[in-house]
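This is what each chain is made of:
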Amino acid sequence: MGSNTLSPQERRSSFATVLVAEAVERAGFYGVDAILLLFMVQQLGITDLRADLMVGAFAAMTYATPLLGGWIGDCLYGPRWTAVFGTLLLGAGYALLACTTLTSRSFFEPALALVATGNGLFKPNAAQLVRRLYEKYPLKRDSAFTLYYMAANVGSALSMFLIPWVRNTFDPLLAFSLCVAGPACALFILLTQTGTLRDLGILTRHSVSPKRAAAFGAGSVILCILSVTFVLYSASFARLAVFSCLTVVCILWTTLYRRATPSERLNLVTLGIMLIQSIGFYCFYQQMQTSLTLFALTNVDGTFRILGHRIVTFSAAQFQALDPLFIILLSSPMARIYNVLSRRNRDVSLPTKFAIGFGFVVVAFFIWWGGTHLAAGNLTSAWFMAGGYLALAMAEVLIGGLGLAVVAKYAPASLNGIMVGAYYLTVGAGMYLGSEIASKASSIAMSQAVQSQHYENLFGILCLCALALALFTLFLAQQLNRMEKRISGKNVSNTEILSIR
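### A word on the pairing of strand 2 (residues 303-306)
On a regular strand, each side chain points to the face opposite its neighbour's, so the side chains alternate between the two faces of the sheet. For strand 2 and strand 3 (residues 309-313), the ladder comprises 4 bridges, and the chain directions are antiparallel. Counted as the bridge partner of Ile306 is His309 from strand 3. Counted between consecutive antiparallel strands, the loop separating strand 2 from strand 3 contains 2 residues, among which Leu307 sits at a positive phi close to 55°.

Following this line, the structure appears as structure tokens:
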């Protein structure tokens, strides 16, 4: 039974299965993510500068490996089994991180390599299952991917509140050990609660024997783990690896463009432009894990107060949980808005949604800059931190939450898994570049007042850069919308344009 023959109830059930698996798996991943930078600085004694760059390299590899995972899912194992193997590697990586707290630091880079590779196998193939469920329902696609994105943030919000508290109250060993439960639960769900999902993730047909395909895939994964380990040991090699991966994406896009028909080329041009925009957005997004976390550690009053009364106090790591929390609150209303606009034939195009998202990036960094400026060298209020996170979460819903919808709409259907991997690679490249930017604010030991001025300058520059990018993105959106209307005016039907999906 394929996705096209599923009843509405079966489709909803299958979609719910993917959502739950995504939520619990992300709970483990973002629990690690929330405490990783501070663990490196406070427990392992790594300098702020080196920690920023290493976190950036890890983020880049985490989102570069889905290119391999998408290919394995498309050509070797099928999306469901590739996602299953991904959960096994993620669990092993978290367990090895826990061992790092007991023994030597030598396990640290290999543990991160296991996590990055496991993420690469899981992420694009979970998204591929969603795409297969809604490949014949384009009007529901944007809302489905928005809800899928929300599910990831449900898991991450809970773990980003809990895991930093466990680390501060008990120890990193227990915190990393708890993270293992995330991929373990996802593994259980994918193996036992699949139902119709089983038919969506069947082993892909290939020209070689299943045994040779399995061996080739396993060898590729082992080579990937070793390569990522090496990248994490060297900041300069990490930079080279990021740009090499981007070169691979450019070559892949160019090859597809040369082979495409005129109507398909419009889709690929739009896809290419929006992938570049994703790189820009994630440069800003990565500040949450790097510069904003270190800023919160030394220059933010973590206590929320109303009329002088204490409400709650956040640790530096827990501020990161505001992002997924706000996304949970925003995603469902946004999905409803998309559905209402679609029914009325007034839906806003994906390029326009991206442009609006960059407008919210401007608002976020303006709030952080304003809060730091008003503090005048003293501790910045937690409310300014929350306001900036709210604005950036809205931007993430419009850009990050719809990135997979962009690939589903504009990428060739036969290569959708690989192109999902290419999308995640651009995410990783943006995060690495964002960490390079953040490292500039961590390169010198400074007093709190001087450091506050340093961060104020950083947030101001990022605000101006975001404004320039928002205006340019709006201009590109107008041009792409006109091109689509021009194609429509030449009697190229919507079905023909979508046929490459």
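Once the structure has been displayed, the description carries forward.
### Some remarks on the state of the cysteines
Overall, the coordinates contain 0 disulfides when judged by the stated rule. In this model Cys463 remains outside any disulfide bridge; the closest cysteine sulfur is found in Cys465, 9.3 Å from its own. Note on Cys463: relative accessible area 11%, which makes it buried.

### Some details on the pattern of salt bridges
Pairing between side chains of opposite charge can happen when the charged atoms of each approach one another. Inspection of every chain in the model, using the stated rule, returns 4 salt bridges. The partner of Arg26 in a salt bridge is Glu25, and the shortest N-O contact between them spans 2.6 Å. Under the relative-accessibility criterion, Glu25 is labelled buried at 0%. Here Glu436 makes a salt bridge to Arg239, at a shortest N to O gap of 2.9 Å. Taken together, the residues Glu436 in helix 18 (residues 416-439) and Arg239 in helix 11 (residues 235-259) connect sequence positions 197 residues apart. Of the residues examined, Glu436 reaches a relative accessible area of 16% and is grouped as buried.

### Observations regarding unusual backbone geometry
Comment: phi is negative for the bulk of residues other than glycine, and the bulk of peptide bonds are trans. Residues other than glycine seldom take positive phi values, yet Leu307 does so here, at roughly 55°. Tracing the backbone through its elements, the reader meets Leu307 in the loop between strand 2 and strand 3. Of note, Ala376 is a non-glycine position whose phi angle comes to about 55°, a positive value. Mapped onto the elements of the fold, Ala376 is located in the loop between helix 15 (350-375) and strand 4 (380-381).

### Observations concerning the confidence of the model for the protein
A low pLDDT means the predicted coordinates there should not be read in detail. On average, the protein scores 83 in pLDDT, and the residues at 70 or more come to 89%. Averaged over each element, pLDDT in the protein is lowest for helix 20 (residues 494-498) (29) and highest for helix 16 (residues 382-398) (94). In the predicted structure, residues 491-501 sits below a pLDDT of 50 and forms 24 contacts with residues beyond four places in sequence or in another chain.

About the cut-offs
Residues numbered from 1 in each chain as written. Predicted model: local features only at pLDDT ≥ 70, side-chain atom pairs only at ≥ 80, totals over all residues. Heavy atoms only, no water. Pairing = 2+ DSSP bridges. Helix = DSSP H or I, 4+ residues; strand = E, 2+ residues; numbered from the N terminus. Disulfide = S-S within 2.5 Å. Buried < 20%, exposed > 50% of the residue type's maximum accessible area, 1.4 Å probe, protein only. Salt bridge = Lys/Arg side-chain N within 4 Å of Asp/Glu carboxyl O. pLDDT = per-residue confidence, 0-100. Contact = heavy atoms within 4.5 Å.

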